[in-house]
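# Secondary and tertiary structure notes
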Amino acid sequence: MKQRKPIVIANWKLNGGLDLICVSVASFIGKHFNADIAICPPYIYMRDMMTFLQFSELHIGSQNVSRFESGAYTGETSAQMLKEAGCSLCLIGHSERRAMFGENNEGCQIKVCTALSHDLLPVLCVGENQQQREANITEDVLNTQLREGLANIDLQGKDLCIAYEPIWAIGTGLAATPKIAQEVHQFIRAQLSDIFGAETANGLRILYGGSVNKINTRELLGQPDVDGLLVGGASLDPGHFLTICEQVSELAIA
Ligand code: PGA
């Protein structure tokens, strides 16, 4: 039995459409899971997803959140707006946003605070690239991302998740081995323990992301410090994503 309630998050990135919303949500209707399950579609489909949600346990997640509350910030979507659209969690600092949209640790820290203050569950994404892993600086990279991204944050009983997504594993079909995932998750929990104290760190969920599929789900989630999965490509196939969620749910109580 898993110590922490598992969580599975689908990150659709810039993919999907109304059809995929309908088919995905329909496949979850009437089903119970021993896990929290969320789909992060592009913003424009959140309201559509919400209207279909009534008979399922799915949550709506966001792939990003503005660091600003309101004002002249063209193209931004605030935490308050996400809440109104039925969102319950948001990804922060995904490596694609860091690499392509100039996001940095300082900005992530502001977004984590903003999300917490609007009762959105922040899912802070961290991870090293191939070069950093080969240079043996994975722990330094993660440490900086965590210390700076979570600087001066007082959880005050609120929840937070960390998603470990090694960049070399994203979209490559080369998931981290369960051993690597466990080692890194254990390291992340130790850092969280330094930042928030051991008791809080023991309750926080750390997700693994990067080429997760229905074949590697059981082994990854079988690791003691892997509390959930962030699924990209495989979540665009509703049947595949449902199978991953069912496996996670079974493992939660096994
Ligand atoms: P992937 O993406 O599952 O397609 O590797 C994961 C992610 O980027 O969140």
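Residues numbered from 1 in each chain as written. Predicted model: local features only at pLDDT ≥ 70, side-chain atom pairs only at ≥ 80, totals over all residues. Heavy atoms only, no water.

This brings us to the sheet that holds strand β1 (residues 7-11). Strand order in the closed barrel formed by eight strands is β1-β2-β3-β4-β5-β6-β7-β8, and the pairing between neighbours is parallel. Averaged over neighbouring strand pairs, the angle between their axes works out to 25° when direction is ignored. Strand contacts of helix α7 (residues 138-149): β5 (121-126) and β6 (161-164), with the helix running at about 150° to β5, the strand carrying the most contacts. Helix α11 (residues 238-253) contacts β1, β2 (36-40) and β8 (228-231) of the sheet and is inclined by roughly 165° relative to β1. (Pairing = 2+ DSSP bridges. Helix = DSSP H or I, 4+ residues; strand = E, 2+ residues; numbered from the N terminus. Axes fitted to C-alpha atoms, helices over the stretch in contact; angles between N-to-C directions. Contact = heavy atoms within 4.5 Å.)

Within the secondary structure, Lys 111 is located in helix α5 (residues 105-117). For Lys 111, a relative accessible area of 6% puts it in the buried group. With residues near it in sequence (within four places) discarded, Lys 111 still touches Asn 64, Val 65, Ser 66, Arg 67, Ile 92 and Glu 103. Side-chain polar atoms of Lys 111 contact the side chain of Glu 103, separated by 2.8 Å. (Buried < 20%, exposed > 50% of the residue type's maximum accessible area, 1.4 Å probe, protein only. Polar contact = N/O pair within 3.5 Å; in protein donor to acceptor, adjacent residues only side chain to side chain.)

Moving on: the site of the ligand. The local shell around the ligand holds 13 residues, among which Lys 13, His 94, Glu 165, Gly 171 and Ser 211 are the closest. His 94 has a polar side-chain atom sitting 2.8 Å from an oxygen atom of the ligand. One nitrogen or oxygen atom from the main chain of Ser 211 is found 2.7 Å from an oxygen atom belonging to the ligand. Considering the ligand on its own, with 280 Å² of exposed area, one finds that the protein chains cover 95% of that surface. The cavity that encloses the ligand is the second largest pocket. A breakdown of the residues in the shell around the ligand according to their chemical character gives four nonpolar, seven polar and two charged. (Near = heavy atom within 4 Å. Areas by Shrake-Rupley, 256 points an atom, 1.4 Å probe, with all protein chains shown as cover. 1 Å grid on protein atoms, 1.4 Å probe; cavity = no way out; pocket = protein on both sides within 12 Å on 5 of 7 lines; lining within 4 Å. Sits in = over half its atoms within 2 Å of the grid points. Nonpolar A, V, L, I, M, F, W, Y, C, P; charged D, E, K, R; others polar.)

Under the definition given, this model contains four aromatic pairs. Members of the aromatic cluster, connected to one another through ring pairs, are Phe 28, Phe 33 and Phe 241. A cation over an aromatic ring shows up here: Arg 97 above the ring of Phe 101, its NZ or CZ 4.3 Å from the ring centre. (Phe/Tyr/Trp six-rings, centres within 6.5 Å; stacked < 30°, edge-to-face > 60°. Lys NZ or Arg CZ within 6 Å of the ring centre and 35° of its normal.)

All right, on to α11 then. Between the first and last C-alpha of α11 there are 23 Å, a value that for 16 residues agrees with the 22 Å anticipated at 1.5 Å per step. By the burial criterion, the buried members of α11 are Pro 238, His 240, Phe 241, Leu 242, Ile 244, Cys 245, Gln 247, Val 248, Ser 249, Leu 251 and Ala 252. Contacts from the buried residues of α11 go to β1, α1 (18-28), β2, α10 (217-221) and β8. If you check the start of α11, you find a side-chain oxygen 3.1 Å away from the backbone N of Gly 239, and it comes from Asp 237. (Expected span 1.5 Å × (residues − 1).)

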